[in-house]
Structures are given as C-alpha cells and as structure tokens.
Amino acid sequence: MDAIKLIAQDSIKADAPKFNIGDTVKVSVNIREGSRERIQMFEGTVIAKKGSGVSETFTVRRISYGVGIERVFPLHSPNVVNVQVVRRGKVRRAKLYYLRDRVGKAAKVKEDIR
C-alpha cells in the first residue's frame, strides 16, 4: 500500500491551479490524433469538484449550439496542460447540478467581485 502512495505522490502536480465551483475556466487539453499532438481549449463553468489527492477531478459545463456539454477532467493528469480562470463565480452550493435544467440567462452564474 505504501508503494502505491509513493507512486501517487510523484504524479501530483506541485503547481495545481486554484479555482472554485462556479468559476469560468479555460482548460487546455492535450489531444493525440495518431502520431500528432495538439492542444484543445474547453471553456465553461466548473459545476463540481470530486475526490482528493491524485484522483481529484473537476467537471466543466458549457453550452454549444444549444446543447449542454460536460467534460470531467482529472486535475493531475499530464493531458491537462493548463487551467486558466476567466472569471470568478459567486455561488452558495458545492455542486451546481441545478444548472443542467436551466436555459439561457438563467443558466448563468453571477460574478464574484473581490
């Protein structure tokens, strides 16, 4: 068991980005297509964070052409190149699953002015 913990400690990113639920983020993801690699951006609202340590994940939701798209990203994955906070959100919940039922302006999160 200790060997697994040691391997997991090596996989944790030291410069893990700091963001919260409700924040709008731009996630840079490394995409492999055959022998080629490219970086794809995914921008949306963080609706959930789950887990701890090496298995920590976060869910980002965005609306594309009227269809809601959610992606779950492992925080410490080598494929997640960068997470940039676009704007801070003002929320009072740990999970924002209620945004799935909302459309248009009702699906927006208020900005937190600090």
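Residues numbered from 1 in each chain as written. Predicted model: local features only at pLDDT ≥ 70, side-chain atom pairs only at ≥ 80, totals over all residues. Heavy atoms only, no water.

(A) Representation of the overall build of the protein chain. Across its full length, the protein chain carries one helix and five strands. Of the regular secondary structure in the protein chain, the N- to C-terminal order runs α-β-β-β-β-β. Projected onto its principal axes, the C-alpha positions of the protein chain cover 50 × 35 × 25 Å. Expressed as a percentage of the 114 residues in the protein chain, the buried residues total 29%. As presented, the protein chain carries roughly 8,100 Å² of accessible surface, and 51% of it is formed by carbon and sulfur atoms. Treating the 24 positive side-chain charges of the protein chain as one cloud and the 12 negative ones as another, the clouds have centres 7 Å apart. (Helix = DSSP H or I, 4+ residues; strand = E, 2+ residues; numbered from the N terminus. Buried < 20%, exposed > 50% of the residue type's maximum accessible area, 1.4 Å probe, protein only. Areas by Shrake-Rupley, 256 points an atom, 1.4 Å probe, with all protein chains shown as cover. Lys, Arg positive; Asp, Glu negative; His and termini not counted. Charge placed at Lys NZ, Arg CZ, Asp CG, Glu CD.)

(B) Fine view of the nonpolar core. Counting residues in each nonpolar core, the largest one holds 19 residues, and the members touching the most others are F19, V25, V27, F58, V60, F73 and V83. Only β1 (24-33), β2 (36-50), β3 (57-64) and β5 (80-87) provide two or more residues apiece to this core. (Core = buried A, V, L, I, M, F, W, Y, C linked by side-chain atoms within 4.5 Å.)

(C) Inspection of the pattern of salt bridges at higher detail. This structure, assessed with the given rule, holds six salt bridges. R32 serves as the salt-bridge partner of E37, at 3.2 Å between the closest nitrogen and oxygen. Between E33 and R38 there is a salt bridge; the shortest N-O distance is 3.2 Å. Note on R38: relative accessible area 34%, which makes it partly exposed. (Salt bridge = Lys/Arg side-chain N within 4 Å of Asp/Glu carboxyl O.)

(D) Looking closely at a positive patch on the surface. Together, K90, R92, R93 and K110 give the surface a local cluster of positive charge. With respect to the helices, strands and loops of the structure, K110 is situated in the segment after β5. Residue class for K110 comes out exposed when judged on its relative accessible area of 65%. (Patch = residues over 30% accessible without salt bridge, like charges linked within 9 Å, V, L, I, M, F, W, Y side chains within 5 Å.)

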